[in-house]
Amino acid sequence: ALQTFEASRRRLAFNINELWHHLRTRLNSSQMSAINEHRNNLLFEIEQISDRDYEWRKSELRKLANYLNRKINELQNPKDCKTAQKLVCQLNKGCGFGCQLHHVAYCFLSALATQRTLILDSHSWRYASQRVRKATNSRWDLVFQPLSDTCLDDSGSTRSHWRGNDRHVQVIELPIIDSLRPRPPFLPLAIPEQLSTKLQTLHGDPFVWFIGQIVRYIMRPSKEMQAYLEKSKTKLNFKTPIVGVHVRRTDKVGTEASFHSLSEYMYFVEDYYNRIDLFNERLQKQEKVERLVYLATDEPSIWTKEVKKYQNLGYKFIGDSGIAKTASLGNRYNFDSLKNIILDIWLLSECDHLVCTFSSQVCRLAYELMQTRGLDTKAKTKIDWSDAFNSLDDIYYFGGQSEHNQIAVLSHKVREKDEINFKVGDIIGIAGNHWNGYSKGLNRRTLESGLYPGFKTIEQVKTAFFKVFDEPEK
Ligand code: GDP
């Protein structure tokens, strides 16, 4: 009953937004100004409802995070590294920072699923390659803490490539997710079945919360990096409330994503601040909220060309066009660029709302990290951040994931061309949300592919056995 209540409360907010997307793409802006107020007022009431069991959810979620992190620490710090079962992950994927971090995150969840200590081999990491220190194997520890205090050595008595979790092999080398065969059941978007009931009750996107915890552990900053993050945050005068905008252009546009002007992002920024204003009015708070935007981008010209119009409308942008310059392809793998992409992801994850393209791993990483916030403070902050975004393109996904399915809770009959039919209980493989009230997917029963109203389906959360969460054998 509790799980149904929590899920239903979240569905209510989600479907109000689906209805809003449906209307905003069909009606003109003067019709929408009344509807926007209606919608924000409804969302305010839902906030009031969710307030009721806030403390309980927070304490349960904190317990879950503590348990997960204790298990991670135990696994990563075995008593005897010589005899520990190990999984080796190579940090040599020829792609950007977000892509590489997601590769490590996939290795990490495989380590949890197979109960093996993860050993990261980072000596051919392309970032920061000019800063190799003598006598260390790792460029990684220039920016991050090592993944273990006791076990960084990948040697063992027996060794092989992945052929499944063969207990007789001490050291297993993991390929990239796309070439992993046989494919184990624990790959994304699966969550550990041992955490599943709690997590599905407590959070709107259990997988993102789970991977967020893992990413947070992986990205624990080194002393040097921590100092850089703090110094930059002060220098930028970063404060909340703030909306994070990530505009990914350069090499991404036309290859893996479409061009979007800053105005497309700012539409959702304005919507967010209008909602804050309405909430404050309902709470009888007088203060006028400053419209702050943290802008991260790999396109420096946005700073000189596109932000002006919005500055004149009263928005204040923080960020640094110098950082954008370090993001260009020619500079991307320098040490400064590495520090700056970590800074951008870190600060994006600390924003109150994200507006970006989920086709970019930069923004997906920030969104994952965002989910871990709010648990270790007494202050009454948001704890379920699953709805704190607008993506201009994809829905959340994890590169190389297994199929992402939904279940029909209402039947659907085609009304317009390009739509699909389904019956209650049909499984729909979701490919995307068009952010106009309709999603695109494949009916796995009829093999029809096309559009359907998003409110007629719910997520099918996949679970898998993760060995690390089992009690030790006696
Ligand atoms: P994707 O290509 O956008 O999916 O993400 P990746 O992280 O795999 O590769 C893009 C790379 O471009 C990043 O890792 C950065 O090196 C650089 N980059 C892209 N956007 C930004 C940004 O907003 N800020 C900074 N500092 N670098 C960026």
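Conventions and cut-offs
Numbering of residues starts from 1 in every chain and runs along the sequence as written. Selection of residues for local features in this predicted model requires a pLDDT of at least 70, selection of side-chain atom pairs for listing and counting requires 80 or more, and totals for whole chains, interfaces and linings are taken over all residues. Excluding hydrogens and water, the side-chain values take into account all heavy atoms of the structure. Under the DSSP-based scheme used, a helix requires at least four consecutive residues in state H or I and a strand at least two consecutive residues in state E, with every element numbered from the N terminus. Here the globule rule reads 2.2 Å times residues to the power 0.38, and the radius of gyration is calculated from C-alpha atoms. Exposure is judged per residue with a 1.4 Å probe applied to protein chains only, and the accessible area is read against the type maximum: over 50% gives exposed, under 20% gives buried, and values in between give partly exposed. Within this scheme, the nonpolar core is defined by two criteria: the residues are buried Ala, Val, Leu, Ile, Met, Phe, Trp, Tyr or Cys, and they are joined through side-chain atoms within 4.5 Å. Any two residues whose heavy atoms approach within 4.5 Å at even a single point are treated as in contact. Pairing between strands is defined by DSSP: at least two bridges between them are needed. Axis lines are fitted through C-alpha atoms, for helices just across the contact stretch, and the angle between N-to-C directions can take any value from 0 to 180 degrees. Crossover handedness is defined by viewing with both strands directed away from the observer: a clockwise path from the first strand over the helix to the second marks the crossover as right-handed. When two cysteine sulfur atoms are found within 2.5 Å, that pair is recorded as a disulfide. Within this scheme a cavity is a closed region of a 1 Å grid, computed over the protein atoms alone, that accommodates a 1.4 Å probe without allowing it to escape, whereas a pocket is open but has protein on both sides within 12 Å along at least five of seven lines; lining residues each have an atom within 4 Å of a point. Grid points are joined across faces, edges and corners, and a volume is the space filled by probe spheres set on the points. Amino acid classes used here: Ala, Val, Leu, Ile, Met, Phe, Trp, Tyr, Cys and Pro are nonpolar; Asp, Glu, Lys and Arg are charged; the rest, including Gly, are polar. The term salt bridge refers to a side-chain nitrogen of Lys or Arg lying within 4 Å of a carboxyl oxygen of Asp or Glu.

J.: Any chance you could explain the overall build of the chain here in plain terms?
T.: Helices and strands together make up the secondary structure of the chain, namely 13 helices and 16 strands. Whereas a compact globule of 474 residues would reach a radius of gyration of roughly 23 Å, the chain reaches 23 Å, a difference of no more than 12%. A principal-axis box enclosing the C-alpha atoms of the chain has dimensions of 70 × 50 × 45 Å. Every one of the 474 residues in the chain was classed for burial, and the buried ones make up 53%.

J.: Sorry if this is basic, but what is going on with the nonpolar core here?
T.: Core analysis: the biggest nonpolar cluster contains 131 residues, and Phe 97, Phe 210, Met 219, Val 245, Tyr 294 and Phe 317 have the highest contact counts within it. Take this core: its biggest share by element is 11 residues, from helix α4 (residues 97-114). Residues within four places of Tyr 294 in sequence aside, it is in contact with Leu 236, Phe 238, Ile 242, Val 243, Gly 244, Val 245, Ile 318, Gly 319, Asp 344, Leu 347, Leu 348 and Cys 351. In this structure, Ala 13, Ile 16, Ile 46 and Leu 278 belong to the second largest nonpolar core, which totals 7 residues.

J.: Quick question: what am I supposed to make of the sheet that holds strand β1 (residues 86-90) here?
T.: Strand pairing within a sheet occurs via backbone hydrogen bonds; the two strands may be parallel or antiparallel. With parallel pairing, the 4 strands of this open sheet are ordered in space as β2-β1-β4-β3. One side of each edge strand has no neighbouring strand; the edge strands of this open sheet are β2 (117-121) and β3 (159-161). Neighbour-to-neighbour, the strand axes of the sheet open up by a mean angle of 25°, direction not taken into account. Here β1 runs beside strand β4 (residues 171-174); their pairing, made up of 4 bridges, is parallel. Bridging across to β4, Cys 89 finds its partner in Leu 174. Strands β1, β2 and β4 of the sheet are contacted by α4, whose axis makes an angle of about 170° with β1.

J.: Hey, could you run me through the pairing of strand β8 (residues 315-318) in this one?
T.: When a strand is regular, its side chains alternate between the sheet's two faces. In this sheet, β8 lies alongside strand β7 (residues 291-297) in parallel orientation, the contact comprising 4 bridges. Along β8, the bridge assignment pairs Arg 291 with Tyr 315. Following the backbone out of β7, through helix α10 (residues 301-312) and into the adjacent parallel β8, one traces a crossover that is right-handed.

J.: In this structure, what is going on with the state of the cysteines? I would like to understand it.
T.: When the sulfur atoms of two cysteines share a covalent bond, that bond is a disulfide. Inspection of the entire model under this criterion finds 4 disulfides. With its sulfur 2.1 Å from that of its partner, Cys 81 forms a disulfide with Cys 151. Classification of the bridge connecting Cys 81 and Cys 151 rests on its S-S torsion, roughly 70°, and on that basis the disulfide is right-handed. Note that Cys 81 is positioned in the loop between α3 (54-76) and β1 and Cys 151 in the loop between α5 (140-143) and β3, a separation of 70 residues in sequence. Using a relative accessible area of 1% as the deciding quantity, one classes Cys 151 as buried. The residue that forms a disulfide with Cys 356 is Cys 363, at a sulfur-sulfur distance of 1.9 Å. A torsion of -75° about the S-S bond marks the disulfide between Cys 356 and Cys 363 as left-handed. Like Cys 363, Cys 356 is buried.

J.: Teacher, can you tell me more about the layout of surface pockets here?
T.: Using a probe with the size of a water molecule, rolled over the atoms, empty space left in the structure can be pinpointed. Computed from the structure, the second largest pocket encloses a volume of approximately 620 Å³. In terms of lining residues, the second largest pocket is bounded by 31 residues, among which Gly 96, Phe 97, Arg 248, Arg 332 and Val 362 are the most central. The set of elements that each furnish at least two residues to the lining of the second largest pocket consists of α4, β7, α11 (321-326), α12 (335-349) and α13 (361-370). Here the lining of the second largest pocket gets 4 residues from one element, more than from any other, and that element is α12. Tallied by class, the residues present in the lining of the second largest pocket amount to 11 nonpolar, 12 polar and 8 charged.

J.: What is the right way to read the pattern of salt bridges from this model?
T.: Proximity of charged atoms lets side chains of opposite charge pair with each other. Counted under the stated rule, the structure contains 28 salt bridges. We note a salt bridge from Glu 6 to Arg 9, for which the minimum N-O separation is 2.3 Å. One end of the pair, Glu 6, and the other, Arg 9, are both in helix α1 (residues 2-24), 3 residues apart, so they sit about a helical turn from each other. In terms of burial, Glu 6 and Arg 9 fall into one category: buried. A salt bridge links Asp 51 to Lys 380, with the shortest nitrogen-to-oxygen separation between them at 3.2 Å.

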